[in-house]
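As a plain string of letters, each chain reads:
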Amino acid sequence: MKISFLILIFTILFILISFKTDYMDCSKILKKHLDMFKTDNNRIPFILNFTYVYLPFILGLILSIIKSVNKDIISVMTVIITILTSMLFTLLVMVIDLRKRYNEENNDSAVASEVYYSIMFEIFISVLILISLMMYMFSFKEFNSEFFDFNKLFSDLKSLDYLAGLGFSIIIYGLNFLLLFNLFIILKRVFTLVEKSISKK
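Residues numbered from 1 in each chain as written. Predicted model: local features only at pLDDT ≥ 70, side-chain atom pairs only at ≥ 80, totals over all residues. Heavy atoms only, no water.

Peer 1: Would you mind going over the overall build of the protein with me for this structure?
Peer 2: Across its full length, the protein holds seven helices and zero strands. In the protein, the succession of α and β elements from N to C terminus is α-α-α-α-α-α-α. Out of the 201 residues belonging to the protein, those deemed buried represent 39%. For the protein, long-range pairs separated by at least 24 residues make up 81% of all intrachain contacts whose partners lie at least 6 apart in sequence. Accessible surface, the protein: about 12100 Å² in total, of which carbon and sulfur atoms supply 68%. (Helix = DSSP H or I, 4+ residues; strand = E, 2+ residues; numbered from the N terminus. Buried < 20%, exposed > 50% of the residue type's maximum accessible area, 1.4 Å probe, protein only. Contact = heavy atoms within 4.5 Å. Areas by Shrake-Rupley, 256 points an atom, 1.4 Å probe, with all protein chains shown as cover.)

Peer 1: Honestly, the pattern of salt bridges in this entry has me stumped. Any pointers?
Peer 2: Side chains that differ in sign of charge can pair as their charged atoms come close. Within the structure shown, the criterion is met by three salt bridges. A salt bridge links Lys31 to Asp35; the shortest N-O distance between them is 3.3 Å. Note that Lys31 and Asp35 are positioned in helix α2 (residues 27-35) at a spacing of four residues, about one turn of the helix. Take Asp35: its relative accessible area is 27%, and that puts it in the partly exposed class. Among the salt bridges present, the one from Glu114 reaches Arg189, with a minimum N-O distance of 2.7 Å. Of this pair, Glu114 sits in helix α5 (residues 110-139) while Arg189 sits in helix α7 (residues 160-199); the two residues are 75 residues apart in sequence, bridging distant segments of the chain. One network of salt bridges, in which partners are shared, links Lys31, Asp35 and Lys38. (Salt bridge = Lys/Arg side-chain N within 4 Å of Asp/Glu carboxyl O.)

Peer 1: Sorry if this is basic, but what is going on with the nonpolar core here?
Peer 2: Side chains of nonpolar character tend, in soluble globular proteins, to be buried together. The biggest cluster of nonpolar side chains holds 34 residues, and the ones touching the most others in it are Val69, Val115, Ile119, Ile125 and Ile129. Contributions of two or more residues to this core are made by α4 (71-104), α5 and α7. Looking at which element gives the most residues to this core, the answer is α5, with 14 residues. The contact partners of Ile125, leaving out residues within four places of it in the chain, are Leu175, Leu178 and Leu179. (Core = buried A, V, L, I, M, F, W, Y, C linked by side-chain atoms within 4.5 Å.)

Peer 1: What's the story with the layout of surface pockets in this structure? I'm lost.
Peer 2: Where empty space is left can be seen by rolling a probe of water-molecule size over the atoms. There is about 480 Å³ of room inside the largest pocket. As for the largest pocket, its lining consists of 20 residues, and the residues nearest its centre are Phe57, Ile125, Leu128, Leu175 and Leu178. Of all the secondary structure elements, the ones that give two or more residues to the lining of the largest pocket are α1 (3-18), α2, α3 (46-66), α5 and α7. Among the residues making up the lining of the largest pocket, the classes are represented as 18 nonpolar, two polar and no charged. (1 Å grid on protein atoms, 1.4 Å probe; cavity = no way out; pocket = protein on both sides within 12 Å on 5 of 7 lines; lining within 4 Å. Points joined across faces, edges and corners; volume = space filled by probe spheres on them. Nonpolar A, V, L, I, M, F, W, Y, C, P; charged D, E, K, R; others polar.)

Peer 1: Would you mind going over α3 with me for this structure?
Peer 2: Between its terminal C-alpha atoms α3 stretches 28 Å, which fits the 30 Å expected from 21 residues at 1.5 Å a residue. Restricting attention to buried positions, one finds in α3 the residues Tyr52, Pro56, Gly60, Ser64 and Ile65. (Expected span 1.5 Å × (residues − 1).)

Peer 1: Sorry if this is basic, but what is going on with a nonpolar patch on the surface here?
Peer 2: On the surface, Leu34, Val53, Tyr54, Ile58, Ile62 and Ile66 cluster together to form a nonpolar patch covering roughly 480 Å² of accessible area. It is α3 that contributes the most residues to the nonpolar patch, five residues altogether. Following the sequence through the fold, Ile66 ends up in helix α3. According to the relative accessible area criterion, Ile66 is partly exposed, its value standing at 38%. (Patch = residues over 30% accessible without salt bridge, like charges linked within 9 Å, V, L, I, M, F, W, Y side chains within 5 Å.)

Dropping the structure here:
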């Protein structure tokens with residue numbers, strides 16, 4: 001069995017097992033983030049569920065077939081994710097300060113809490129992307145899928161190396177789309193939070 005396929009399986013197992021350990025358990029971050037989308041009947045509407053859970057990875061699949069992740073894309077993604085993560089940590093400090101101030105003034109801190117959970121979720125996704133990029137970089141010399149070719153696609157599906165490369169590409173692209181989609185949530189809530197803070201002055 002190809003080493004790249006084994007690394008893909010190992011990466012997925014590592015992420016799943018990490019949720020079961022006390023020191024690395026990030027399930028609460030996911031739960032708190034998803035709770036924001038729930039309606040009064042404690043359910044997430046289909047449109048939100050599709051947009052923020054399934055659509056990013058559907059787009060990741062399409063993009064993976066058209067243009068797979070390569071060394072150039074990995075370099076660009078690593079730089080962007082690193083800068084974005086540092087910005088999110090800076091924003092997190094500001095939100096924690098606003099949340100504390102809201103609690104001291106006995107004001108509604110629901111929006112501040114939502115921004116806090118959204119930022120934590122984005123940081124978590126950023127870490128997953130960096131792990132995936134690192135695993136991909138050490139798994140493949142080069143994975144080529146430059147254009148949409150059904151004949152080539154179905155013949156290559158017999159190769160474990162191709163499947164592993166396709167799987168990594170879907171995960172990496174999907175997580176990036178998920179990160180981008182949720183940035184709009186943070187943008188909207190930070191705007192609301194700052195606007196409320198300004199209106200009280």
